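Structural overview
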Amino acid sequence: MAAEPEVLDELHRLRARVPQLTGALAASVDGLVLAHDTPGVEPEGVAALTAAALGVAVRMADATGQGEFRELLVRGVDGYVATYAAGGSAVLTLLAQDRVNVGRLHLEGRRSGTRIGELVEAATARGEPVAPARAPTRQASMPTRTRTARGTPRTPPTPTPNTPTASES
């Protein structure tokens, strides 16, 4: 995406304005990283989790009649994760220390979300892809592995047709 350097510049400026930020990430609403400044944090994982949290937040806002999604704030023992709408196809996720001024976090996050939304929408209007191309996926012929609950056999026994089981006799 040609807007990626501009989005990354906005993330750097945001981190300069709010020194308590420990990371900033712009992603598409479906969880693809657009740009990131997240030292020590896996951006792809954060983008995927952001997409999942966004889905729940959008449904909650809709179900409660609160209108269109704008932002989501999660407070942990060691800090905050804040997600802001960035236009219709992107989101901004910020990681902050627990001592951040939350009002300032919201003010700057909303401003940057608006700016990133404008950059992404301008790139889309120019016909550029919203997210960078994903790495090639595994071929369909490769087997996939599924998880089962502990103590559950991986392949359930197949009963013989028309043979009564112990509970039927």
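Residues numbered from 1 in each chain as written. Predicted model: local features only at pLDDT ≥ 70, side-chain atom pairs only at ≥ 80, totals over all residues. Heavy atoms only, no water.

Bringing the sheet that holds strand β1 (residues 21-28) into the picture now. Spatially, the 5 strands line up as an open sheet ordered β2-β1-β5-β4-β3, and their pairing is antiparallel. Lying at the two open borders of the sheet, with one neighbouring strand each, are β2 (33-37) and β3 (71-76). Across this sheet, the average inter-strand angle for adjacent strands is 10°, counted without regard to direction. Relative to strand β4 (residues 79-86), β3 runs antiparallel, the two being bridged by 6 bridges. Bridge pairing in β4 places Gly76 opposite Gly79. (Pairing = 2+ DSSP bridges. Helix = DSSP H or I, 4+ residues; strand = E, 2+ residues; numbered from the N terminus. Axes fitted to C-alpha atoms, helices over the stretch in contact; angles between N-to-C directions.)

Now for the side chain of Asp37. Examined against the element boundaries, Asp37 turns out to sit in strand β2. A distance of 3.1 Å separates the side chain of Asp37 from the side chain of His12, its partner in a polar contact. (Polar contact = N/O pair within 3.5 Å; in protein donor to acceptor, adjacent residues only side chain to side chain.)

This prediction gives the chain a mean pLDDT of 83; 75% of its residues lie at or above 70. No element of the chain has a lower mean pLDDT than helix α1 (residues 4-17), which averages 95, and none a higher one than strand β5 (residues 90-97), which averages 98. This model gives residues 133-150 a pLDDT under 50, and the stretch forms 6 contacts once residues within four places in sequence are excluded. With pLDDT under 50 throughout, residues 152-161 is counted as low confidence; its partners more than four residues away or in other chains account for 3 contacts. (pLDDT = per-residue confidence, 0-100. Contact = heavy atoms within 4.5 Å.)

Turning our attention to α1. Side chains that are three or four residues apart share a direction in an α-helix, a result of its 3.6 residues per turn. Look at α1: 20 Å from first C-alpha to last across 14 residues, which is about the 20 Å you get at 1.5 Å a residue. Buried within α1 are the following residues: Val7, Glu10, Leu11, Leu14 and Arg15. Seen end-on, α1 carries its buried residues on one side only, within an arc spanning 135°. Of the surrounding secondary structure, the elements contacted by the buried residues of α1 are β1, β2, β5 and α3 (102-125). (Expected span 1.5 Å × (residues − 1). Buried < 20%, exposed > 50% of the residue type's maximum accessible area, 1.4 Å probe, protein only. Arc of directions from axis to C-beta.)

Glancing now at the packing of α1 against α3. Packing of α1 against α3 brings their axes to within 10 Å, and their N-to-C directions diverge by 170°. Our classification of the angle between α1 and α3 gives roughly antiparallel. Residue-level inspection shows Glu6, Val7, Glu10, Leu11, Leu14 and Arg17 of α1 in contact with α3, the latter providing Arg104, Glu108, Gly109, Ser112, Arg115, Ile116 and Leu119. Partitioning the contact of α1 with α3 into residue classes produces 5 nonpolar, 2 polar and 6 charged. (Parallel < 35°, antiparallel > 145°, perpendicular 65-115°, else oblique. Nonpolar A, V, L, I, M, F, W, Y, C, P; charged D, E, K, R; others polar.)

Put simply, the largest pocket is a space of about 270 Å³. Taken together, 17 residues line the largest pocket, and the ones lying closest to its centre are Phe69, Arg70, Ala85, Ala86 and Gly87. Counting only elements with at least two residues in the lining of the largest pocket, the list comes to α2 (43-63), β4, β5 and α3. (1 Å grid on protein atoms, 1.4 Å probe; cavity = no way out; pocket = protein on both sides within 12 Å on 5 of 7 lines; lining within 4 Å. Points joined across faces, edges and corners; volume = space filled by probe spheres on them.)

This brings us to α2. Spanning 21 residues, α2 covers 30 Å between terminal C-alpha atoms, matching the ideal 30 Å at 1.5 Å per step. Those residues of α2 that fall on the buried side of the exposure criterion are Pro43, Val46, Ala47, Thr50, Leu54, Ala57 and Ala61. Down the axis of α2, the sector holding all buried residues measures 90°, keeping them to one side. What points out from α2, more than 90 degrees from its buried face, is the exposed set Leu49, Val56, Arg59, Met60 and Ala63. Contacts from the buried residues of α2 go to β1, β2, β3, β4 and β5. Of the residues trailing α2, Gly65 is marked for its positive phi of about 70°.

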